[in-house]
Amino acid sequence: RRENKRRAERVDGADPRNKLPSPASSLPTDPALYSGPFPFYRRPSELGCFSLDAQRQYHGDAQALRYYSPPPTNDQGPNFDLRDGYPDRYQPRDEEVQERLDHLLRWLLDHRGKLEGGPGWLAGAIVTWRGHLTKLLTTPYEQQEGWQLAASRFQGTLYLSEVETPAARAQRLARPPLLRELMYMGYKFEQYMCADKPGSSPDPSGEVNTNVAFCSVLRSRLGSHRLLFSGEVDCTDPRAASTQPPACYVELKTSKEMHRPGHWRSFYRHKLLKWWAQSFLLGVPNVVAGFRNPEGFVCSLKTFPTMEMFEYVRNDRDGWNPSVCMNFCAAFLSFAQNTVVQDDPRLVHLFSWEPGSPVTVSKHRDAPYAFLPMWYVEAVTR
Ligand code: 0WD
Ligand code: CA
């Protein structure tokens, strides 16, 4: 990791005559720079959880957790109509509301006094969403979508919060109707596969409300970087070998039915990378995929163990490598730690990345980039 940082400084032409090593001004993302042994990643342990209800209100409990309930395997297999209920039984979340780290900070405010690791652990940690780390892991291989991450240091802790890029915003506002329906279908699949109580059966007759979410809060470490992050979990498997979270969690995905070897190859290279990164970070052992046909019906399911996903691309010259993903993430976290030196909740370093370019930084104060809410800063300061 240190090696990666030095490389980054050389690439940027840091002047070796400077007495104090100045932080690099950019970070390259080429996969070739990040190969090498897999870095240390502490097995993620769950510190707690929270739920968001149908009105997107926070609850400090597991009320939104659902239970994995796949269809019986004795009959012909599933026949899930993913378009059923669209759009009349769909309550989509209002995507204009930028929640930033708010729900996670609410959890942290309620639990910071009793965090394991003792006092001072949080001061040395990085706090963020799992989804932001997923984007970092896949960056060396991403060729379509850039990202922006806002960073602030406050009482030692480094907070990372994503900023929607102008391109992503434009795409979201112009989202074609077919893509909207496809998003619904992903959530509908969850409804066919999950029950509200352990041992009961799914009820696909109700509404699909994407305000509802169950989030796990975890502690881990990547190299020397302590991490506290939260991620949305689809369901828990009451019949899992280990009932201890996150080992009992299941991630649900939908994907297009594939019929030719070329389709599968491309699926392994692109989709499986994203599925792996997301579930590996949180320690979710299995991803259950529902394959939908052109009519929008899921007629087959396949379980992909997270720890076996890399095998599909291990011998593929155009595949991805978990070490590259994790080494790049560690290098970015070092880069951010070295860049964001000043402790000030109103100061934001904005890290920006576009495919084909290195990660760059710009500095901002207050609105619109400052993201630590006053209620959090005041409660922690007093
Ligand atoms: O502030 C932001 N820009 C974001 C906030 C971006 C992404 C997520 N969030 C927040 C939301 O409050 C959400 O509840 O994080 C929570 C989910 O966090 P995550 O687990 O870190 O996100 P990610 O791993 O990207 O997505 C997990 C699931 C998705 O499932 P699929 O199977 O599609 O990966 O969370 C959902 C989605 O179901 N999801 C979101 N829910 C609300 N807002 C969002 C979003 N922006 N993105 C994904
Ligand atoms: Ca999912």
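Located above this text is the structure these notes cover.
Below is a summary of the structure that appears in this document. (Residues numbered from 1 in each chain as written. Chains lettered and ligands numbered in written order. Predicted model: local features only at pLDDT ≥ 70, side-chain atom pairs only at ≥ 80, totals over all residues. Heavy atoms only, no water.)

**Concerning the overall build of the chain**
Heads up, the condition is: Only DSSP runs of H or I with at least four residues qualify as helices, and only runs of E with at least two residues qualify as strands; both kinds are numbered from the N terminus onward. What the globule rule says is 2.2 Å times the number of residues to the power 0.38, and the radius of gyration is computed from C-alpha atoms. With a 1.4 Å probe rolled over the protein chains alone, any residue whose accessible area is under 20% of its type maximum counts as buried; one over 50% counts as exposed, and the rest are partly exposed. By definition, residues are in contact when any of their heavy atoms lie within 4.5 Å. What sets the accessible areas is the Shrake-Rupley method with a 1.4 Å probe; for residues, cover comes only from the shown protein chains. For the charge count, each Lys or Arg is scored as positive and each Asp or Glu as negative, with His and the chain ends excluded. Taken as the charge centre is NZ of Lys, CZ of Arg, CG of Asp or CD of Glu, depending on the residue.
A tally of helices and strands in the chain yields eight helices and 19 strands. Here the C-alpha atoms of the chain give a radius of gyration of 21 Å, agreeing with the 21 Å that 2.2 N^0.38 yields for 382 residues. By principal-axis analysis of the C-alpha atoms, the chain measures approximately 70 × 50 × 45 Å. Taking all 382 residues of the chain together, the buried fraction comes to 48%. Sequence-distant contacts, at least 24 apart, represent 73% of the contacts inside the chain between residues at least 6 apart. As presented, the chain carries roughly 19000 Å² of accessible surface, and 50% of it is formed by carbon and sulfur atoms. Each charge class in the chain was averaged separately, 47 positive and 43 negative side chains, and the resulting centres sit 7 Å apart.

**Points about the packing of aromatic side chains**
Defined as follows: Only the six-membered ring of Trp is used, alongside the rings of Phe and Tyr, when aromatic pairs are assigned; centres must lie within 6.5 Å, and planes under 30 degrees apart are stacked while those over 60 apart are edge-to-face, with the rest tilted. Only when the NZ of Lys or the CZ of Arg is both within 6 Å of the ring centre and within 35 degrees of the ring normal is a charge said to sit over the ring.
Evaluated as defined, the whole model comprises 32 aromatic pairs. Geometrically, the ring pair formed by Phe267 and Trp275 is edge-to-face, given 5.3 Å between the ring centres and 85° between the ring planes. Judged by its relative accessible area of 4%, Trp275 falls in the buried class. Cluster of aromatic residues (ring-pair linked, three or more members): Trp264, Phe267, Tyr268, Trp275, Phe291, Phe304 and Tyr312. Over the aromatic face of Tyr192 sits the side chain of Lys188, whose NZ or CZ is 5.4 Å from the ring centroid. Over the face of the ring belonging to Phe304 we find Lys302, whose NZ or CZ atom lies 5.2 Å from the ring centre.

**Comments concerning the coordination of the calcium ion (ligand 2)**
Applied cut-off: We call an atom a donor if it is N, O or S and sits within 2.8 Å of the metal, or 3.2 Å for Na, K and Ca. Water is not counted, so some sites may look partial.
Those protein atoms acting as donors to the calcium ion (ligand 2) are Asp234 (OD), Glu251 (OE) and Leu252 (O), and they sit at 2.3 to 2.5 Å. Each donor residue of the calcium ion (ligand 2) lies on one chain, and together they are spaced D-x16-E-L. Taken as a pair, Asp234 in the loop between β13 (225-232) and β14 (235-236) and Glu251 in strand β15 (residues 249-256) lie far apart in primary sequence, 17 residues in all. The pair Asp234 / Glu251 is uniform in exposure class, with both members buried.

**A short note on the packing of helix α2 (residues 102-111) against helix α8 (residues 374-381)**
Two numbers describe a pair of packed helices, the interaxial angle and the distance between the axes. Here is the rule we go by: The angle between two axes is taken between their N-to-C directions and runs from 0 to 180 degrees, where each axis is a line fitted to C-alpha atoms and a helix contributes only its stretch in contact. Our angle categories are set so that under 35 degrees counts as roughly parallel, over 145 as roughly antiparallel, 65 to 115 as roughly perpendicular, and the remainder as oblique. By the definition used in this description, the sense in which the near helix is turned from the far one sets the handedness, with an anticlockwise turn below a right angle giving left-handed and a clockwise turn giving right-handed. When residues are sorted by character, Ala, Val, Leu, Ile, Met, Phe, Trp, Tyr, Cys and Pro go into the nonpolar class, Asp, Glu, Lys and Arg into the charged class, and all the rest, Gly among them, into the polar class.
Running from N to C, α2 and α8 cross one another at 20°; their axes reach a closest spacing of 10 Å. As far as their axial angle goes, α8 and α2 are roughly parallel. In the packing of α2 onto α8, the handedness of the crossing is left-handed. Where α2 approaches α8, its residues Asp102, Leu105, Arg106, Leu108 and Leu109 are matched on the opposing element by Trp375, Tyr376, Ala379 and Val380. A per-class count over the contact of α2 with α8 returns seven nonpolar, no polar and two charged.

**Focus on the pairing of strand β12 (residues 213-222)**
Short version of the rule: The pairing criterion is simple: DSSP has to find at least two bridges between the two strands.
Within β12, nine of the ten residues are buried, leaving the element largely enclosed by the surrounding structure. As judged from the seven bridges shared by strand β2 (residues 45-52) and β12, these two strands associate in the antiparallel manner. Bridging across to β12, Cys49 finds its partner in Ser216. In terms of strand pairing, β12 meets β13 through eight bridges, oriented antiparallel.

From the geometry alone we can't say anything about function, so treat these as descriptive.
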